[in-house]
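Here are the chains, one letter per residue:
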Amino acid sequence: MPQEEYWLSGPVPDIPVLAQPAAHALLQTQRELKEILLDFPKDKLWKKIGERASVGFHAQHLTGVLDRLLTYAQEKSLTEEQFLYLKSEGEANEKYSPEVLVENFEQKVTEALAYFKTLTEAHFTAPRFVGRKRLATNVLGLIFHAAEHSQRHLGQLLVTASILIEKPEL
């Protein structure tokens, strides 16, 4: 029997109410990513259809963006390692199997939920700045964007993966 989507499964324990939608979206992304990638053919991971991004890019990007947005939410600067990861997103790399990509995202979701548990109501409107241009936002904006961005890329990943699975000749 199919599981309920996370947003229909009640509150995530110990997560503040304002962070519940983000927690639900990240957990849903995690579940669906695992479902599609654990049976996904490794030889198609970096395959592009037309000029569209590969399944591997989307899976790698999910983790990278979540990591960067959490860094900004915690009022920290990106590290050199994070910049290198960003630069390498989408480049075919044998160290990133479907299983590793799932594990990496699961670890980042665990970190995100642990961070959400530390938030108080006052945190959500605390000003934060993104990137070298220091674009203004707040903690709520960052965690909302982490959630919606994850869902957006998961959707693109699912479409690309379904085409590659249905059309093995590609």
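Note that this is a predicted model, so its numbers are computed, not measured.

Caption draft 1: Local environment of the pattern of salt bridges. All told, the structure shown has six salt bridges when counted by the stated rule. Across the pair K108 and D67 runs a salt bridge, and its minimum N-O distance is 2.8 Å. Within this pair, whereas K108 is found in helix α4 (residues 98-117), its partner D67 is found in helix α2 (residues 55-73), the two being separated by 41 residues in sequence. Residue classification places K108 among the buried residues on the basis of a relative accessible area of 11%. Here R152 makes a salt bridge to E148, at a shortest N to O gap of 3.1 Å. In this pair, R152 and E148 both sit in helix α6 (residues 139-166), four residues apart, roughly one turn of the helix. Linked through salt bridges whose partners overlap, the residues forming this network are D67, K108 and E111.

Caption draft 2: Main features of the packing of helix α1 (residues 20-37) against α2. Contact geometry for α1 and α2: axes closest at 12 Å, N-to-C directions at 155°. As summarised for this structure, α1 and α2 are arranged roughly antiparallel, according to the angle between their axes. Between α1 and α2 lies a crossing of left-handed hand. Taken together, the residues of α2 that come into contact with α1 (itself represented by L26, T29, L33 and L37) are V55, A59, L62 and L66. Tallied by class, the residues present in the contact of α1 with α2 amount to seven nonpolar, one polar and no charged.

Reading guide: rules and limits
Per chain, residue numbering runs from 1 following the sequence as it is written. Residue-level local features of this predicted model are given only where pLDDT is at least 70; pairs of side-chain atoms are given and counted only at 80 or more, and the full residue set underlies all totals for whole chains, interfaces and linings. Side-chain numbers come from the whole structure's heavy atoms, not from hydrogens or water. Note on definitions: salt bridges are taken to be side-chain nitrogens of Lys or Arg within 4 Å of carboxyl oxygens of Asp or Glu. In this text, helices come from DSSP runs of H or I with a minimum length of four residues, and strands from runs of E with a minimum of two, each type numbered from the N-terminal end. Three labels apply to residues, based on accessible area from a 1.4 Å probe with only protein chains included: buried if under 20% of the type maximum, exposed if over 50%, partly exposed otherwise in between. Between the N-to-C directions of two axes lies an angle of 0 to 180 degrees, each axis being a line fitted to C-alpha atoms and, for a helix, fitted only over the stretch in contact. The cut-offs work like this: below 35 degrees is roughly parallel, past 145 is roughly antiparallel, 65 to 115 is roughly perpendicular, and the gaps in between are oblique. Crossing handedness: left-handed means the near helix sits turned counterclockwise from the far one by under a right angle, and right-handed means the same turn made clockwise. Only heavy atoms matter for contacts: two residues are in contact if any of them lie within 4.5 Å across the pair. Only Asp, Glu, Lys and Arg are considered charged in this grouping, and only Ala, Val, Leu, Ile, Met, Phe, Trp, Tyr, Cys and Pro are considered nonpolar; every other residue, Gly among them, is considered polar.

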